[in-house]
Amino acid sequence: MKYQFEIIVGIIVVLFIGVFLYSASVNPDAEFGGSDGVGSAIVSELTGVAEDDVTPLIPQWAPPSGEVESGIFALQAAFGGIILGLSFGYLLGQRKTNQN
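Residues numbered from 1 in each chain as written. Predicted model: local features only at pLDDT ≥ 70, side-chain atom pairs only at ≥ 80, totals over all residues. Heavy atoms only, no water.

Moving on to the overall build of the protein. The helix and strand inventory of the protein stands at 3 helices and 0 strands. Put simply, the protein runs from its N terminus to its C terminus through helices and strands in the order α-α-α. Taken against the 2.2 N^0.38 rule, which gives 13 Å for 100 residues, the C-alpha radius of gyration of the protein at 21 Å runs more than 25% over that of a compact globule. Seen along its three principal axes, the alpha-carbon backbone of the protein occupies a region of about 60 × 40 × 30 Å. Burial status across the protein gives 1% buried among its 100 residues. On the protein, roughly 9400 Å² of surface is accessible, and the fraction owed to carbon and sulfur atoms is 67%. (Helix = DSSP H or I, 4+ residues; strand = E, 2+ residues; numbered from the N terminus. Rg over C-alpha atoms; globule rule 2.2 N^0.38 Å. Buried < 20%, exposed > 50% of the residue type's maximum accessible area, 1.4 Å probe, protein only. Areas by Shrake-Rupley, 256 points an atom, 1.4 Å probe, with all protein chains shown as cover.)

So this is what it looks like as structure tokens:
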């Protein structure tokens, strides 16, 4: 099959969307809390040490405002998109080169 990988990815995307829509319809009041808060709460529960008492090994830098934080996140997303685009473009170019 020529498009086997694309078909598999399409099926996975459709299944993911189906599971997301099903879970959203079963529990419409659910919130996405993220893994940072949940993980920290579980670690503090297991160790018995409060989250506020834990000091990181590497001091954390806090951005001066929400706009700076959003800008850094946007730069990170753009950089990731560039890397993915270059990777897929390189692989597509290699595939076309090998076919000729």
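The rest of the description comes next.
Following the sequence through the fold, Tyr90 ends up in helix H3 (residues 66-99). For Tyr90, a relative accessible area of 55% translates into the label exposed.

Among the secondary structure elements, Asp29 is positioned in the loop between helix H1 (4-26) and helix H2 (35-47). Looking at Asp29, the relative accessible area reads 70%, which means it is exposed. With 67 residues separating them in the primary sequence, Asp29 and Lys96 have C-alpha atoms 49 Å apart.

With respect to the secondary-structure elements, Ser44 resides in helix H2. At 2.9 Å, the side chain of Ser44 and the backbone oxygen of Ala41 are in polar contact. For Ser44, the contacting residues outside a window of four places in its chain are Val49, Ala50 and Glu51. (Polar contact = N/O pair within 3.5 Å; in protein donor to acceptor, adjacent residues only side chain to side chain. Contact = heavy atoms within 4.5 Å.)

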